[in-house]
Every structure is written in structure tokens, then in C-alpha cells.
Amino acid sequence: MPMMCYLNKSVVSAMLVWIALCSSINSSAKAILLNEDAGINNIEITAIGKDKGGLMWIGTKRGLNRYDGYRFVSIPFFVKRTIQAMVYDSARNVMWLGTDVGLYYIHCNNNEVVQCTSVSKRHSVTCLLIKNQQIIVGFQHTNILQINPDLSCRVLYHFSSKQLLGNKMINDVTGNIFVALHPGNTLVKIENKNNKVTTVAERFYRQMDVLTVFEGEVHTGGFDIGFWNIERNRPSKWYADSLNAIRQDPECVLSNNQSILIAYRNPTRVIEVRTGDRKIVNRSASDMNVFSNKRIYCLYRDDIGVIWVGTSKGLIKLIPDKPMPVFEKLLCYPNNPVSTRQIVEDNNGDLYVASYAGLYRFDKRKQRWKNKSSIYYKGRERPFSQRSLLNAGSQYIYIGSDAHYFIKLNKYTQRVETVFAQSADELCDTDGASLSLVQDGNGIIWIGSDKGLISFDTLHSTITCHFKDKYALDGSTVKYLYMLPDRKQFWAGTEMGLYLVDVTKGVLRHFDQNTTPALTGNYINAVTTDVAGNVWIATDDAGINVLSADFREVYAITKKDGLSSNEVYHFLWQDSLRIWISTYNGLNYYHTQTKTITPYFESDGITHNEFNQNSAFKGADGKLYFGGINGITAFIPTQMESYQQPFGLFVSGISKWEKSSETVKQVFVENGEWITVKPGDNQLTFTFAGTDYTHPELNTYFYKIEGLHRDWISLGTQPSLRLESLKGGEYTLLIKAIKGSRGVASINTLTYLLDIKQVFYQTIWFYLLLASGLALFIYFYFSNRLKTQQKLELLRVKIASNLHDEVGSILTRITMSADRLVTRMPSESETKEKLEGVSELSRAANMAMSDVLWTIDARNDVAGSLTDRMREHAEDLLLPRGIDMTVDFTEIDQLQRVSPEFRQHLFLLYKEVINNIIKHSNAVSVSIYYKQSGEHCVLHVKNDGVHESLGTVSTGQGLRNIKMRAELLKGTAEIARLNDCFEVKVII
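These remarks concern the structure in this document. (Residues numbered from 1 in each chain as written. Predicted model: local features only at pLDDT ≥ 70, side-chain atom pairs only at ≥ 80, totals over all residues. Heavy atoms only, no water.)

What about a positive patch on the surface?
Phase 1: On the surface, a cluster of positive charge is made up of Arg 365, Lys 366, Arg 368 and Lys 370.
Phase 2: Structurally, Arg 365 is set in the loop between strand 32 (359-363) and strand 33 (368-372). (Patch = residues over 30% accessible without salt bridge, like charges linked within 9 Å, V, L, I, M, F, W, Y side chains within 5 Å. Areas by Shrake-Rupley, 256 points an atom, 1.4 Å probe, with all protein chains shown as cover. Salt bridge = Lys/Arg side-chain N within 4 Å of Asp/Glu carboxyl O. Lys, Arg positive; Asp, Glu negative; His and termini not counted. Charge placed at Lys NZ, Arg CZ, Asp CG, Glu CD. Helix = DSSP H or I, 4+ residues; strand = E, 2+ residues; numbered from the N terminus.)

Listed below in C-alpha cells is the structure:
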């Protein structure tokens, strides 16, 4: 019974210690659970990693997922495999994966999976390390391998009777590898230099649940010992006694130079031990319900500081509280605000601040503020309200007021003295507001007033109004003066634009909305220059204008680029690349090289969101001061860098609809590369995200296609872009982002080159081809018309020739016969013979005329007309001579069109054959066969009555003419004689 009481007291004591510890631990993270509702393929998270692009890789019991802060994408290859270990290889940009069936790696840029078959042999991989571009692979039951950069491998340590479980292999800063094997609690060291294997602890009497290396020494943790330094054989110094008193089971450990993360179970929680102050922070205290009833398998801390916890029931994201920027508030009184104007510093480091409530001076030695709220001026006490200050020389600070006076303050006596100045011009009116003061190299003080420029000669105490001379600024109010480093020229910002003034020559240049180049606003609040000589111009409603050093170009920086307000008040350079900008709504940090803007507001620690014109100053120690309507915001820029965490943008996926396969295809290209879209492909989709996973739902995205869009187009918080129906051509797609509600711009802008292939009938080549075809058509049309005209002319000549040769000769013979009948008075019998001859010649002339007319008549350009003419001709010549004829024209399409040339040549060939029969045979019968099919025809004429005495057929002129005409028709003529028969066969 006493023993039982003792145990109960121990338990109670431990619980009380733990409760006290938990109550003293600060919670500094927000826990978010991501499970199957978020789209992950399995809720048992076993491994976590992040590639250099910013994409998260999540291993589970059922595969591998990619995560960009918005969506989980499962890798199909690993669906049935358990991811047991993961390590990122930045040199190759691959993620090494130890699974239950072997070792793999996946290319992060295109998801290509490679299995290391010669290494894994399908054995279970439980541990992975990377050192000096070498991959150390721990197999559960066999050995530990080293994979070299050339992918060759060697065995570092072989074990057969023990097991290597997860989280049991580590390496220290010198490259030595430590392995804990179970059962038996054996710790083995593999030395980096020679791969010598040494047993550090064998059958260690305490449970080694986890291993870690901290400050160069190996520590193990377990239920019964807390954390123990194995090499020194003593409790770990960095591990608090209060934690050692709690007998919890550590699941896994993650350490770096700043802290150690320890995941426990029973109850489940994540504890961080900070190395600097040994402070203990319960990272899971913000929402213990998220961690309850879960086991923790793995821990990962990304480059932003987000802690990722892989559990048995999902992925937990621990968002750390952001550190507040180091802003110092000066003259900030909520109940009695001090609206500050110009700020200067004397040689002692004392600050002087102009305000509507008097002149404030900060005594650096005494570290306190003093105020001079009124002065004695022109015989009476007056409120002391100032607009501008100038630390001129060693003795005085000159002060310009809102109205009525220009005075000076003696820095040694701290007394205000009236400036007694004489003017040669009685009309010189200095009774106005002095808004800005500068001093040139000759000691002349230039005053920007509400009437124009005024100069004050400190040596002779003379004052000059430049309202109508060469320094005149068109009667405009001068808001700000900026003296250039050579102190020979200065810029004057007015309500009518920007003027460049030479102290001896007068006004040199003027820029406004109507000049070339043109400003985007005429109301100028402040001016500065960068190291390249570019002029930075703060406008009242058009953001920032940057005028190039050669005065040829102007570009604007506005709210569209991330500026918190287009009403800009002042500039201060941190260095040659970084500039701070005060506005009507917030303070902005701008990096000129990356063109990124980070705004700061009251929630970040500044005195007020609204700043004042001409109220900024950079101290000798580099400290920046910006005045506003409620005091001054002061800070050292270098201390802000830890707060300005970089925010990168990456594309997590590109896809397009492919028409040829009618599927959505993934496109794997790097930033800056070309993407080709073929005709018919559509819906080119980009998904993107930021490298900071703290609050991705607050990020906003913008895109612009150069050549199509002049300004950036906001996508809101939608992390995707779909491009459809782009016209053919080459484009440049730009994507940028702004992080969170504070508007931190991404340090990079994504660039993709798009080559949109247009359908052929919309390409310039098609139009050129169409134009060429049209030109060729016109050419051939007119060429054909010319040829047709030439043919018609030839036909007319031919007709005339035929009429002359055939009909003319016959008519001549008729005429001669008639003349002889008239002159000779023949006898009756002779007259009759002569008249019969004239009659025969007349018939021949009529036939020749008929042939010519038939040839030129277009109505006869059909096969039926040709066969009718052939039949008619045969009947006219053969039947009167008692020659029987057989005609076969049955295989003819009577309406088939035939060309005039074809018809003429074939008919003349046919006439030659018939005439040859009449002249050279004693034929009794003639058979004529004609067949035509398309452009091909066959003419076959056969006659009898041929004897040897009639001569050789091959030497006749008529037969040569037949062959010649057949060649003109691009055909052949076959002539044969057999017994007393003669055949002519023409094939075309």
C-alpha cells in the first residue's frame, strides 16, 4: 500500500510539472489540419519535403502527393506504394523516395519516375540522407548503401539480424553517419573519411526511440530517459529538466542551429526548445484538438518557418506568428497628435522637427524632447508653426513658416532670430508660405513659396523674388526643392509640373502632362534621384513617375504595381537599390531590381497610415525618419530585413486540351521557355502558388500578355489562369503575385513564351498562297484568253486558207469552165459535158464550204455531230460508186463533248481514209467502226478490192497524212493489208 501511494504521488507530481510547464509555454503557431477533405489521397502522412521551386511533396501510406497550398495532386505511379522516407536532391532537382518496395526518384520538373532496380531489389527503404551529393539509403532488413553522383553505389554497412526503422539514421556536420538498430538498441557510427564502422553503443540500457545530432553530438530520446547524450553518457544539457521529468514517448525529432522540434505522443504535441535562451515553446498549444488522438510520423520545417507535421490522421500545418518590424514611434501622442513636417539633424545628432504645434528638438545627449510652441515676432507673441527647415552652416537652422515670416534658429543659443533682409524690388512680396528650403554651392538659400522661387543671400542679407525673371516658374506654388549633388542645379516640384533650374542660367527644363516625355500628374510633392541619374517624382494622385537620366522616357509606379497609395509624399534611399516611400496610406519599401513593393501600415507598428509632405529625413547613422499626422515613424532599415521575408511565385501545373487525342495533356516547361499550342488545341491552363504557405488564401495574382494588355489584370485570389481562343502568333505571358493582406509582392515574375499556331486558312502563308494562287489564276486566265484569241485568229486564218484553197480553187475552175463555154461556143454535146463538169465542181465547192462551216460551228462540239458527219461523208462518196458500207457507231455517247481541234483533225483523218479507198481500191464493201470513251477513241476502217497491181500501201502520200494526223491527236495509226483487204486502225 505505501508503494502504491508513492507511485501515485510520482504520477501526480509529474502531471503537475507538466501542467505548470504547459501554462508557462507560449503558443506561437496556428494549427490547420489537411485531410481527405482537402484532397490528399491518404491521411497517414509518412514523409514531407519541399523542392527549390517551392512545391511541397507529401508521402503517405498509399502514395505520393504534390501540394501547392491550394490543391493536392496524386502521382499515379505510387498509388499502391507506401512512401517511408523522402529527401530532396537540389543538384539534380529530384526527390528521392524510399518505399516499401524499393528506392525511386522523381524529377520535380516533369514528374518522371525512375526506379533504382539495381539498388533496391524491392526491399523496404526506411531511411534516407543526403550529404555531398551522395544519397545514403537505409534498408529495413539488409544494409546501408551509398549512391554516388554518377548513380553508382556501394555498401557502407551490412546487417542481417537486426532492423533499421524510420527516424533511426542521422548524419552530423562532419558527415559521420549514425544508425540505431533494433532489437538490441545498437548504435553504429560510419565514419565519413574512411567509412569505418564503429559500434558506439551496444545493448544500450535505455530505449532509443529517436536520434538527433545537436551541436555536433549524438542524442537519443526515449520514454524512460527523456533525451540522452550517448557519446558523453549523460542527460542532454539542452533538454530542460522539466521535460525530462515527463515520461512521454518521443515520435520524431527535427533540429537545426536555432532550435529542436520534438514530437510526442500520449498526449500528442510538438515541443520546440530554442537553443539561444533554452526557452520551451509548445507549438501545438494553439489548438490541441487538432493534435488529439493522432500519432506523429514525421516533421518538416520549410524555409519560411512553417512547421509541417505528418500524422496518422492528416497533415498539420503550423503557421508561426510573424515577427513585428522594428518601428520606433516618436512624438506619437494619441490624445494630442503632433502633425510633423520637415526634419533635420545638426552636427551633434540632435533632431529638429517642424510641426503645426511648434518646433520640436530632440536632445541626443539628454534623450528628451523640447518644444518651442510660440515666438515673439514683430512686436507680439505668435504661434510657432513651421513648414520647412534647413540646416545651413554651423550656426543656424533656417525656418520657413506657413505664412508671414522667414526666420532662423541659433543652434548654440536656441534662440529664434528674425531674418532682416532687404530687397531691391519693392514689389517683392515674401509674405507667404515657405514650403521648401535648399542651399546652393554659393551659399544662396532658395525658398520654394506659394508664389514662386525666392532667393536669400546669407552674406549680404538680400532677398530676391523670382516671379518674372529667368527663374520664374509660371506663377506656380513650389511644393518641393531638391538640390543636386553638384549644388549648381536643383529640381523644383510645383503644382504645374517639374522644373530643372540652374542657379546661374535659370530654368532649363520643364516637364508636365503635355510635354515629351509626359508626366502622369502635374502636382509634384517630392523629387529625388538614383545612382544612375534617373529622377524619381512623387505625384499627388498619379503614383511615382521615374524620368530617365537622358530625359527621354517616363514610367509610372502605381497601385497596380503594389503601391499602397497613388498619393505619394516623400522618398528616402536605404541604399542604391532600395527606397522607402511615404504615402497618404502607408509606408512602402521598394526594391528597384526586383520591382517588388512591401507596404507597412498601423497594424505593423507605424504611427499612422497618413504621412505628410516634405516630412522625411535620413540620419547620419542611417536611421530613417518619416513624419505623419501623428508623430514620426523611425527605424533602422537593416533591422527590417528579417521581417521582409522573400516571397516567390511558381507554377505548379500547366495543361492544355489536345484536339488530336481529345484529352487534357500536362505540359512540362521551365520558366522562360516556349509553349507551343497547335491549331484546335485549346484551354491552356496555368495553376500557380507562392512559396510562403502561411496564408495562401490571402494571396492575389495578376497576369499580363505583352502585346495584348497594357495593364496588369487581376485574378483576385484565384490561383489559376485559363487562356482560350488566342489568335495565332507569339506572345509573352507574365504572372506575378502579392502575398497576404499587407501586399508583399513576389520577388519574381513568371514568364512564359507562347507560340500559338493558327489554323492554315488564317496564317499569313495561307494568305500569301491565296494571293499567289489568285495571281496565277489571273495570269492563266488572261494567258488562256490570249491563247484563245490567238487560236481564233489562227482558226480565222485557217478558215480563210481552207476557203481559199478548197472552195476558191473550185470556184476558179468553175469560172474558167464558164468562160470557155462563152468564148469558144462548143457543140451541144461538148456543152453538155462542160456543164456537167461545172455542176460537179459546184457540188464539190458546196461540200467544201459545208465542211468548213461544220468545223467552226460550236454547236457541233459533241460526239453525235461528229458521227453524223462521218456517216454523211461516207454515204456521199461511197454509195454513188456502188460501194456497200457498214457503219457501227453504237458505242458512242451522242452528247459527249469533244473539242473543235479533236473533231476537225479526226474528221480530216477520216476523210483521208475514205478518199484513199476511193482512189486506190476497187472496193465493193467498206466497214466503219468508231468507239469513244472519255478522252480515248478507236476508229477502224476496213475495205476489200485491194490487189498487188494497186501498189504498195506504205509509200502512199495519203497514208502518211493519216499517220501524221494520228500523231497530232496523240495517237497511233495501224495500217495493214491482208489478201485483198485493207485496214486502217487509229487508236487515240
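Having seen it, we continue.
A word on the side chain of Lys 739
Phase 1: The residue Lys 739 is located in strand 66 (residues 729-739) in this model.
Phase 2: Looking at Lys 739, its side chain comes within polar contact range of the side chain of Asp 692, at 3.0 Å.
Phase 3: Setting aside residues up to four positions removed in sequence, Lys 739 forms contacts with Gln 645, Phe 647, Asp 692, Asn 699 and Val 744. (Polar contact = N/O pair within 3.5 Å; in protein donor to acceptor, adjacent residues only side chain to side chain. Contact = heavy atoms within 4.5 Å.)

Some remarks on the packing of helix 7 (residues 863-878) against helix 8 (residues 900-920)
Phase 1: Two numbers describe how helix 7 lies on helix 8: the axes approach to 11 Å, and their chain directions differ by 20 degrees. Relative to helix 8, the element helix 7 is oriented roughly parallel. With respect to the hand of their crossing, helix 7 and helix 8 are arranged in right-handed fashion. Taken together, the residues of helix 8 that come into contact with helix 7 (itself represented by Leu 866, Arg 869, Met 870, His 873, Ala 874, Leu 877 and Leu 878) are Arg 903, Leu 906, Phe 907, Tyr 910, Lys 911, Ile 914, Asn 915 and Ile 918.
Phase 2: Looking at the contact of helix 7 with helix 8 residue by residue, the class counts come to 10 nonpolar, two polar and three charged. (Axes fitted to C-alpha atoms, helices over the stretch in contact; angles between N-to-C directions. Parallel < 35°, antiparallel > 145°, perpendicular 65-115°, else oblique. Left-handed = near helix turned anticlockwise from the far one by under 90°. Nonpolar A, V, L, I, M, F, W, Y, C, P; charged D, E, K, R; others polar.)

Looking at the state of the cysteines
Phase 1: Throughout the structure, instances matching the rule amount to zero disulfides.
Phase 2: Looking at Cys 116, it has no disulfide partner, and the nearest cysteine sulfur is the one in Cys 153, 8.7 Å off. (Disulfide = S-S within 2.5 Å.)

Structural notes on the pairing of strand 40 (residues 434-439)
Phase 1: Taken across its six residues, strand 40 has six buried, putting it largely inside the fold.
Phase 2: Across five bridges, strand 40 lies against strand 41 (residues 444-449) in antiparallel orientation. The residue bridging Ser 436 from the neighbouring strand is Gly 448, located in strand 41.
Phase 3: In this antiparallel pair of consecutive strands, strand 40 and strand 41, the connection spans four residues, and Gly 443 shows a positive phi of 85 degrees. (Buried < 20%, exposed > 50% of the residue type's maximum accessible area, 1.4 Å probe, protein only. Pairing = 2+ DSSP bridges.)

Structural notes on the environment of Glu 641
Phase 1: Mapping Glu 641 onto the fold places it in the loop between strand 58 (631-635) and strand 59 (649-658).
Phase 2: Along the primary structure Glu 641 and Pro 325 are separated by 316 residues, whereas in three dimensions their C-alpha atoms are 8.9 Å apart.
Phase 3: Sequence-distant contacts of Glu 641, defined by excluding residues within four places in its chain, comprise Gln 574 and Arg 578.

A short note on the packing of aromatic side chains
Phase 1: Evaluated as defined, the whole model comprises 36 aromatic pairs.
Phase 2: When the centroid spacing of 5.5 Å and the interplanar angle of 85 degrees are considered together, the rings of Phe 78 and Tyr 104 count as edge-to-face. Note that Phe 78 is positioned in the loop between strand 5 (72-74) and strand 6 (83-89) and Tyr 104 in strand 8 (residues 102-107), a separation of 26 residues in sequence. Assigned by exposure class, Phe 78 and Tyr 104 land together as buried.
Phase 3: Measuring from centroid to centroid gives 5.4 Å for Phe 327 and Phe 635, while their planes differ by 85 degrees, and the two rings are edge-to-face. Pair noted here: Phe 327 is in the loop between strand 28 (314-320) and strand 29 (328-330) and Phe 635 is in strand 58, with a separation of 308 residues, a long-range link. (Phe/Tyr/Trp six-rings, centres within 6.5 Å; stacked < 30°, edge-to-face > 60°.)

Overview of the sheet that holds strand 6
Phase 1: Strand order in the open sheet formed by four strands is 6-7-8-9, with antiparallel pairing between adjacent strands. A single partner strand is all that each edge strand has here, and the edge strands are strand 6 and strand 9 (113-115). Mean inter-strand twist for the sheet, computed between neighbouring axes without regard to direction, equals 25 degrees.
Phase 2: Here three bridges tie strand 8 to strand 9, and the two strands are oriented antiparallel to one another.

Side note on the sheet that holds strand 12 (residues 143-147)
Phase 1: Strand order across the open sheet formed by four strands is 10-11-12-13, with antiparallel pairing between neighbours. One side of each edge strand has no neighbouring strand; the edge strands of this open sheet are strand 10 (125-131) and strand 13 (153-158). With strand direction ignored, the average angle separating the axes of adjacent strands in the sheet is 20 degrees.

Some points on the nonpolar core
Phase 1: Core analysis: the biggest nonpolar cluster contains 36 residues, and Ile 928, Tyr 930 and Leu 939 have the highest contact counts within it.
Phase 2: Secondary structure elements with two or more residues in this core: helix 7, helix 8, strand 70 (925-933), strand 71 (936-943), helix 9 (957-968) and strand 73 (981-987).
Phase 3: Here the element with the most residues in this core is helix 8; it accounts for eight residues.
Phase 4: The residues contacting Leu 939, other than those within four sequence positions of it, are Met 870, Leu 906, Leu 909, Tyr 910, Ile 928, Tyr 929, Tyr 930, Val 984, Lys 985 and Val 986.
Phase 5: Membership of the second largest hydrophobic core comes to 30 residues, among which are Phe 78, Met 95, Tyr 104 and Val 306. (Core = buried A, V, L, I, M, F, W, Y, C linked by side-chain atoms within 4.5 Å.)

As for unusual backbone geometry
Phase 1: His 182 connects to Pro 183 through a cis peptide bond whose omega is -10 degrees.
Phase 2: Within the secondary structure, Pro 183 sits in the loop between strand 15 (177-181) and strand 16 (186-190).
Phase 3: The amide bond that connects Thr 516 to the next residue, Pro 517, takes the cis arrangement and shows omega of 0 degrees.
Phase 4: For Pro 517, the location among the structural elements is in the loop between strand 47 (506-511) and strand 48 (524-529).
Phase 5: Of note in this structure, Asn 195 is not a glycine but carries a positive phi near 60 degrees.
Phase 6: Checked against the element boundaries, Asn 195 lands in the loop between strand 16 and strand 17 (197-201).
Phase 7: The class of Asn 195 is buried, set by a relative accessible area of 16%.
Phase 8: Here the phi dihedral of Ser 461 falls at roughly 55 degrees; this positive angle occurs in a residue that is not glycine.
Phase 9: Secondary-structure assignment places Ser 461 in the loop between strand 42 (453-457) and strand 43 (462-466).
Phase 10: Given a relative accessible area of 28%, Ser 461 falls into the partly exposed group.

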